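Each chain, letter by letter, is given below.
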Amino acid sequence: MIPARTRSLRDIDPETARGLIANSLSDESVDESWVHATAIQMKKGRFDTYGVCLELDSHGHLISGLHYLHAIVESNSTVKIWVAENREP
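Only a predicted model underlies this, so the values are computations on that prediction, with no experimental measurement involved.

(A) Summary view of the nonpolar core. If you look at the biggest cluster of nonpolar residues, it comprises 18 residues, and the most contacted ones within it are I12, L54, L69, I72 and I81. Counting residues per element, the ones that place at least two in this core are α1 (14–22), α2 (32–43), β2 (53–56), α3 (66–75) and β4 (79–87). Here this core gets four residues from one element, more than from any other, and that element is α3. Once you skip the residues sitting within four places of it in the chain, L69 turns out to touch I12, A17, L20, I21, L54 and L62.

(B) Inspection of the packing of aromatic side chains at higher detail. A full pass over the atoms with the stated rule returns two aromatic pairs. Summarising the aromatic geometry, the rings of W34 and Y68 are spaced 5.2 Å apart at their centres and angled 80° between planes, so their arrangement reads as edge-to-face. Of the two residues, W34 sits in helix α2 while Y68 sits in helix α3, which places them 34 residues apart along the sequence. Among the residues examined, W34 registers a relative accessible area of 32% and is labelled partly exposed. An aromatic cluster of at least three residues, connected via ring pairs, comprises W34, F47 and Y68. The lysine or arginine in question, R7, covers the ring of W82, its NZ or CZ lying 4.3 Å from the ring centre.

Rules used in this analysis
Residues numbered from 1 in each chain as written. Predicted model: local features only at pLDDT ≥ 70, side-chain atom pairs only at ≥ 80, totals over all residues. Heavy atoms only, no water. Core = buried A, V, L, I, M, F, W, Y, C linked by side-chain atoms within 4.5 Å. Buried < 20%, exposed > 50% of the residue type's maximum accessible area, 1.4 Å probe, protein only. Helix = DSSP H or I, 4+ residues; strand = E, 2+ residues; numbered from the N terminus. Contact = heavy atoms within 4.5 Å. Phe/Tyr/Trp six-rings, centres within 6.5 Å; stacked < 30°, edge-to-face > 60°. Lys NZ or Arg CZ within 6 Å of the ring centre and 35° of its normal.

Listed below in structure tokens is the structure:
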């Protein structure tokens, strides 16, 4: 059976971002230059959430969006970002 999926626009602060990073299932390496450039845009209030989405599995583990979370931590900003959660039906 396919899990239900919800999506909501949420404020993600650095503390929440750290928690999601700690629960990440991603094994991708982090591109520090991309993270830094994105963090600068977040600090300036120019980060555009269009097309950006964090994805969590049904246990709350991060599946995608690791780079955005690192940028939130680096920028020390709270950012509105879409979060998609897979839920058990």
